[in-house]
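Spelled out, the chains give:
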Amino acid sequence: MTYAYLRVSTGKQDGQNQRIGIEALATARGLHIDEYIDDEGISGTVEPEKRELGRLLRKLKPGDILLAGEISRLGRSLFMIFRILEYCMKNDITIMTAKDGYTLGNDIQSKVMAFAFGLSAEIEREMISRRTKEALALRKAQGIWIGRKKGDKNSYNKLTGHEEWVKEQLKKGVSKTQIARKLKIDRSTLWRCMKTW
């Protein structure tokens, strides 16, 4: 069986590019993709067991092939990627990446390449984190306020006193999304608040 794994961290990223690359790889290798597994909107720092990737890994059998856009799609830390690759190598599962065209199996060359890719993914994540922290520190040093401004009402306060109105709207069949729009808050905030009522 051949599986295609897609993951984008945010809605701004386009998973379609990954799909196109993976399908081109499958065509070039003469493979038929039996199933697509999609972890849309989930960070690579989340453990595989908490993603669709974990479900996929449990169902893979010896001889199966896992296609991914690139090795960093599997995970964003060196040790996480190593655990995934080690599991696949031990169970005779081949990983192929579309962007760089590598095939990772149970041989020493694959292990060396896996180490290099995993290390570069972790270095990239650390560099992004460092740049973000430096930019925030600079803004703070320039006297630019970071975060919610003092005195601003948070979204929870916007709901105070509206509990009965919200319940009435729901009884009328108004969706939670529409209610959140009317209150000018995010719908996830509305759902969290409703759990406390």
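If you're wondering where the values come from, they're calculated on a predicted model, not measured in any experiment.

Q: I'd love a proper account of the overall build of the protein chain, names of residues and values included.
A: Broken down by element type, the protein chain carries 8 helices and 5 strands. Start at the N end of the protein chain and walk to the C end: the helices and strands fall as β-α-β-α-β-α-β-β-α-α-α-α-α. Relative to its 197 residues, the protein chain shows a buried fraction of 33%. Of the contacts formed within the protein chain by residues at least 6 apart in sequence, a portion of 65% connects residues at least 24 apart.

Q: Can you explain the pattern of salt bridges? Please cite residues and give values.
A: When the charged atoms of two side chains lie near each other, side chains of opposite charge can form a pair. For the coordinates displayed, the defined rule picks out 7 salt bridges. Note that Lys59 is salt-bridged to Glu35, the shortest N-O span being 2.7 Å. Here Glu35 lies in strand β2 (residues 35-40) and Lys59 lies in helix α2 (residues 52-59), a separation of 24 residues in the sequence. Here Glu164 makes a salt bridge to Lys167, at a shortest N to O gap of 3.8 Å. Of this pair, Glu164 and Lys167 are both found in helix α6 (residues 163-171), 3 residues apart, which corresponds to roughly one turn of the helix.

Q: Outline a nonpolar patch on the surface, listing residues and values.
A: Taken together, the side chains of Phe115, Leu119, Ile123 and Met127 present a nonpolar region at the surface, about 340 Å² in accessible area. Relative to the helices and strands, Leu119 resides in helix α4 (residues 108-141). Residue classification places Leu119 among the partly exposed residues on the basis of a relative accessible area of 32%.

Q: Please set out the packing of aromatic side chains residue by residue, giving values where relevant.
A: What the rule picks out here adds up to 0 aromatic pairs. Taking the ring centre of Tyr36 as reference, the NZ or CZ of Arg19 above it sits at 4.1 Å.

Q: Could you give an account of the side chain of Asp39, naming the residues involved and the relevant values?
A: Here Asp39 is to be found in strand β2. Buried charged residue Asp39 carries no salt bridge. Nearest counter-charge: Arg51, at 4.4 Å. Apart from residues no more than four positions distant in its own chain, Asp39 is found in contact with Tyr5, Leu6, Arg7, Val8, Arg51, Glu52 and Leu53.

Q: An account of the environment of Met194 is requested, with residue identities and associated values reported.
A: Turning to its location among the elements, Met194 is positioned in helix α8 (residues 187-195). Spatially, the C-alpha atoms of Met194 and Glu163 are 8.1 Å apart, while their sequence positions differ by 31 residues. What Met194 contacts, discounting residues up to four positions off in sequence, is Val166, Leu170 and Lys176.

Q: Would you mind going over the packing of α6 against helix α7 (residues 176-183) in detail, with residue names and values included?
A: Pairs of packed helices are described in terms of their axes, by the angle between the two and the distance that separates them. Where α6 meets α7, the axes come as close as 10 Å, and the angle between the chain directions of the two elements is 145 degrees. Judged by the sense of rotation from one axis to the other, the crossing of α6 with α7 is right-handed. Counted together, Trp165, Val166, Gln169 and Leu170 of α6 and Lys176, Ile179, Lys182 and Leu183 of α7 form the full contact between these two elements. Counted by class, the contact of α6 with α7 contains 5 nonpolar, 1 polar and 2 charged residues.

Q: Summarise the confidence of the model for the protein chain; cite the residues concerned and give the values.
A: Chain-level statistics for the protein chain give a pLDDT mean of 83 and a share of 89% at 70 or above. Ranking the helices and strands of the protein chain by mean pLDDT puts strand β3 (residues 65-68) first, with 96, and helix α5 (residues 155-159) last, with 61.

Calculation criteria
Residues numbered from 1 in each chain as written. Predicted model: local features only at pLDDT ≥ 70, side-chain atom pairs only at ≥ 80, totals over all residues. Heavy atoms only, no water. Helix = DSSP H or I, 4+ residues; strand = E, 2+ residues; numbered from the N terminus. Buried < 20%, exposed > 50% of the residue type's maximum accessible area, 1.4 Å probe, protein only. Contact = heavy atoms within 4.5 Å. Salt bridge = Lys/Arg side-chain N within 4 Å of Asp/Glu carboxyl O. Patch = residues over 30% accessible without salt bridge, like charges linked within 9 Å, V, L, I, M, F, W, Y side chains within 5 Å. Areas by Shrake-Rupley, 256 points an atom, 1.4 Å probe, with all protein chains shown as cover. Phe/Tyr/Trp six-rings, centres within 6.5 Å; stacked < 30°, edge-to-face > 60°. Lys NZ or Arg CZ within 6 Å of the ring centre and 35° of its normal. Lys, Arg positive; Asp, Glu negative; His and termini not counted. Axes fitted to C-alpha atoms, helices over the stretch in contact; angles between N-to-C directions. Left-handed = near helix turned anticlockwise from the far one by under 90°. Nonpolar A, V, L, I, M, F, W, Y, C, P; charged D, E, K, R; others polar. pLDDT = per-residue confidence, 0-100.

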